[in-house]
Amino acid sequence: MPMNNTGGTEIILENCAKTFPDGTQALEPIDLKIKAGETMVLLGPSGCGKTTTLRMIAGLENPDRGGRITFNGDDVTPLPIERRNVGMVFQSYALFPNMSVEQNVAYGLKIRKLPRVQIAERVGEMLDMMHIHELRNRRIDQLSGGQRQRVALARAIAIRPRALLLDEPLTALDALLRERLRSDIDALLRSLGITAVYVTHDQGEAMALGDRIVVMSRGRVAQIGSPRDIYHKPQNAFVANFIGSMNRLQGRASEGRLEIKAGSLPWKGKQRGTVEVLFRPEALSIVNEGEANLRGTVATSFFLGDRCRLVVEGICEEPVIVETSGKLNHAKGEPVYLKLDPDELMVVE
Ligand code: ATP
């Protein structure tokens, strides 16, 4: 039985800056609106202020004077974590190592003095939801990393929090486990309809889990948008370069044409004169000579299993990255004929 009374908390941060006592300004004033029931991912390089933002939402840090945080319109700014009713999951599990799985999951419910029968019922429900029922009597120090993180999630949602706050919960796990738990977390968040804020520096995780992503850079919000918007319509050079792989070429744009080193392309942009154009590897496809608008030479080829990543020279000043099916083999020095989709060209200020 999914719990259905947890969703529905809209979280708003207004003018929330953070300066630490040592003078470090971790965050410039930011405004953020997290819709009820959505999963908002905070993504960015180390030190950009993701964790600080999450900790402010949790009530573990206060914003600087003038900052305000509301949950469904209630001003929670002065409230400490224990009065905000949020569930938290960290990279390191923060579980009680000597207690059993069941006792860990029940902990927050005991503190809230729920009747014993209700606690047992809720704990059972959580263990089922996280697929750890058979581990209920084990001690935490007898569990694997992935199992511990399942317990941490079960414990966090058992209290029926107003929001679930996750700080790099998968970072310590190996790739296969990470992927499996990621899809379980996704299913969990969807079925609960809970508002979740998820901190990660992993783009794949952000794309897979986020309804929207906040890309952060140096204590500021660089862009907020759906994973598709962030990927296809980066608003600035930071986001363009931080997310995914990006190719760049310089050229001279005139009405309808873009002249580059390797030839000329159709041009739909408004810019004229010298331009720098960005495009994703998938904007390029390898074609027969007759269909090609570009010709290059393979400099390096990386076999990635499901696909092959080629570094191609001769198109423009910098080499470009091209992705192809893993079945094809392209040797160094081989010529390649490419078609660049003019609709995929971006100019980012
Ligand atoms: P990471 O991915 O490495 O955890 P992050 O994006 O979560 O990075 P934060 O932990 O929010 O970044 O830190 C933002 C900035 O604030 C960093 O420069 C960090 O060194 C600084 N900072 C964090 N906590 C404190 C503190 N208690 N005192 C002083 N500076 C701090």
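Residues numbered from 1 in each chain as written. Predicted model: local features only at pLDDT ≥ 70, side-chain atom pairs only at ≥ 80, totals over all residues. Heavy atoms only, no water.

Novice: Whenever I open this one, the site of the ligand confuses me. Can you help?
Specialist: All residues adjacent to the ligand are F20, D22, T24, A26, P45, S46, G47, C48, G49, K50, T51 and T52. T52 is positioned with one of its side-chain polar atoms (N or O) 2.5 Å from an oxygen atom of the ligand. Summarising the interface, the protein chains cover 61% of the accessible area of the ligand, which totals 630 Å² for the free molecule. If one sorts the elements of the shell around the ligand by residue count, helix α1 (residues 50-58) sits on top with three residues. In terms of residue class, the shell around the ligand is built from four nonpolar, six polar and two charged. (Near = heavy atom within 4 Å. Polar contact = N/O pair within 3.5 Å; in protein donor to acceptor, adjacent residues only side chain to side chain. Areas by Shrake-Rupley, 256 points an atom, 1.4 Å probe, with all protein chains shown as cover. Helix = DSSP H or I, 4+ residues; strand = E, 2+ residues; numbered from the N terminus. Nonpolar A, V, L, I, M, F, W, Y, C, P; charged D, E, K, R; others polar.)

Novice: I tried to follow the environment of D306 on my own but got confused; where do I start?
Specialist: Within the secondary structure layout, D306 lies in the loop between β16 (294-303) and β17 (307-313). D306 gets classed as exposed once you look at its relative accessible area, which sits at 60%. As a C-alpha pair, D306 and R65 span 241 residues in sequence and 51 Å in three-dimensional space. Setting aside residues up to four positions removed in sequence, D306 forms contacts with S325 and G326. (Buried < 20%, exposed > 50% of the residue type's maximum accessible area, 1.4 Å probe, protein only. Contact = heavy atoms within 4.5 Å.)

Novice: Looking at this structure, how should I read the pattern of salt bridges?
Specialist: Opposite charge on two side chains makes pairing possible when the charged atoms of those side chains draw close. Summed over all chains, the structure comprises 20 salt bridges. Note that R190 is salt-bridged to D211, the shortest N-O span being 3.0 Å. In this pair, R190 is assigned in helix α5 (residues 175-192) and D211 in the loop between α6 (203-209) and β9 (212-217), connecting sequence segments 21 residues apart. Residue R190 is classed as partly exposed on the basis of its relative accessible area, which comes to 41%. Of the charged contacts in the structure, one is a salt bridge between R272 and E255, with a shortest N-O distance of 2.9 Å. Here E255 lies in the loop between β11 (247-254) and β12 (257-260) and R272 lies in the loop between β13 (263-266) and β14 (273-279), a separation of 17 residues in the sequence. The exposure class of R272 is partly exposed, given its relative accessible area of 41%. Among the ionic contacts, a cluster of salt bridges with common partners joins D306, R307, R309 and E323. (Salt bridge = Lys/Arg side-chain N within 4 Å of Asp/Glu carboxyl O.)

Novice: Teacher, can you tell me more about the sheet that holds strand β1 (residues 11-19) here?
Specialist: Strand-to-strand pairing in sheets goes through backbone hydrogen bonds, with the strands running parallel or antiparallel. The four strands are arranged β2-β1-β4-β5 in an open sheet whose pairing can be described as antiparallel. At either end of the open sheet lies a strand with only one pairing partner, and these are β2 (25-34) and β5 (74-75). As paired strands, β1 and β2 are joined by six bridges and run antiparallel to one another. Looking at β2, one finds that T19 is bridged to Q25. α1 contacts β1, β2 and β4 (68-71) of the sheet and is inclined by roughly 120° relative to β1. (Pairing = 2+ DSSP bridges. Axes fitted to C-alpha atoms, helices over the stretch in contact; angles between N-to-C directions.)

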